[in-house]
Amino acid sequence: MEKEIRNKLIDTAIAQLQYSYTPYSNFKVGAALLAKNGQVYTGCNIENASFSATNCAERTAFFKAVYDGCYDFAAIAVVGGPAGKPVQAQDEPSGPCGVCRQVMQEFCGPDFEIHMQKAGGGVFTVKLPELLPFGFTKDSMEA
């Protein structure tokens, strides 16, 4: 993926942090999902006092896209960290949780890229099989 597109996704994900609703953890996450048709779907995490009802930024973006009828994705940028601390200052990139990784597995192929902001503004990029080795897929249901 072109560096310019990747950086635009990161910037878009950072912009989503302002919409995050995190009164319990104070850990804000933003996401920008790039569909293969060029459309970008955004998301933020939305907490709930009943933690199981919380929705992650990545899933918010995916569910918005699927609701719009989009099922083909190229990449996602995920950024996050404690409220009030710049994302670029985080020691480690904020990676997707296990549930989000499984949602990615449902809709994305092995070339799907996950971009995560690192300290100092760098970007850490992995492909889906690196993030979720031995992922449970539709094919697993038939085996």
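This one's a predicted model, so the numbers in the text were calculated from it and none came from an experiment.

Calculation notes
Residues numbered from 1 in each chain as written. Predicted model: local features only at pLDDT ≥ 70, side-chain atom pairs only at ≥ 80, totals over all residues. Heavy atoms only, no water. Pairing = 2+ DSSP bridges. Helix = DSSP H or I, 4+ residues; strand = E, 2+ residues; numbered from the N terminus. Axes fitted to C-alpha atoms, helices over the stretch in contact; angles between N-to-C directions. Contact = heavy atoms within 4.5 Å. Buried < 20%, exposed > 50% of the residue type's maximum accessible area, 1.4 Å probe, protein only. Core = buried A, V, L, I, M, F, W, Y, C linked by side-chain atoms within 4.5 Å. Expected span 1.5 Å × (residues − 1). Arc of directions from axis to C-beta. Parallel < 35°, antiparallel > 145°, perpendicular 65-115°, else oblique. Left-handed = near helix turned anticlockwise from the far one by under 90°.

Can you walk me through the sheet that holds strand β1 (residues 27-35) in this structure?
What links the strands of a sheet is backbone hydrogen bonding, and the strands pair in either a parallel or an antiparallel sense. Taken in spatial order, the five strands line up as β2-β1-β3-β4-β5 in an open sheet, and their pairing is mixed. Every interior strand has two partners, whereas the edge strands, β2 (40-44) and β5 (123-127), have only one. Averaged over all pairs of adjacent strands, the angle between their axes in this sheet comes to 15°, without regard to strand direction. Two strands pair when backbone bridges link them, and β1 and strand β3 (residues 73-82) are joined in this way by nine bridges, in the antiparallel orientation. Across the sheet, residue Ala31 finds its bridge partner in β3, namely Val78. Each of β1, β2 and β3 touches helix α2 (residues 57-67); the most contacted strand, β2, lies at about 140° to it.

For this particular structure, what's the right way to read the pairing of strand β4 (residues 113-117)?
Where a strand is regular, its side chains alternate between the two sheet faces. The buried count for β4 comes to five of five residues, which makes it a mostly enclosed element. The alternating pattern of β4 places Glu113, His115 and Gln117 and Ile114 and Met116 on opposite faces, both of which are buried. One ladder, built from four bridges, connects β3 with β4; its direction is parallel. Opposite Ala77, over in β4, you have His115 as the bridge partner. Bridge count for β4 against β5 is five bridges, and the pairing is antiparallel.

Help me understand the nonpolar core in this model?
Side chains of nonpolar character tend, in soluble globular proteins, to be buried together. Core analysis: the biggest nonpolar cluster contains 22 residues, and Leu33, Phe62, Phe73, Ile76, Met104, Phe112 and Ile114 have the highest contact counts within it. Residue assignment for this core shows that the elements contributing at least two residues are β1, α2, β3, α3 (98-107), β4 and α4 (128-131). For Phe62, the residues in contact, after removing those within four places along its chain, are Leu33, Phe73, Ile76, Val103, Met104, Phe107, Cys108 and Phe112. Among the nonpolar cores identified, the runner-up in size contains 10 residues, and Ile10, Ala13, Ala77 and Val123 belong to it.

Even after reading the chapter, I still don't get helix α1 (residues 3-16), so can you show me in this structure?
In an α-helix, one turn spans 3.6 residues, which is why side chains three or four residues apart end up on the same side. With 14 residues, α1 should cover 20 Å at 1.5 Å per step; its first-to-last C-alpha distance of 20 Å lies within 8% of that length. Buried within α1 are the following residues: Arg6, Leu9, Ile10, Thr12, Ala13 and Gln16. Each buried residue of α1 lies within a common arc of 165° when the element is viewed along its axis, so the set occupies one face. For α1, the exposed residues set more than 90 degrees away from the buried face come down to Lys3, Glu4, Lys8 and Asp11. The elements touched by buried residues of α1 are β1, β2, β3, β4 and β5.

How should I be thinking about the packing of α2 against α3 in this particular structure?
Each pair of packed helices can be described by the angle between their axes along with the distance between the axes. Their axes nearest at 9 Å, the elements α2 and α3 cross at an angle of 30°. Overall, the two elements α2 and α3 adopt an arrangement that is roughly parallel. The element α2 and its partner α3 pack so that their crossing is left-handed. Residues Glu58, Arg59, Phe62, Phe63 and Val66 of α2 lie in contact with α3, whose contacting residues are Val99, Cys100, Val103, Met104 and Phe107.

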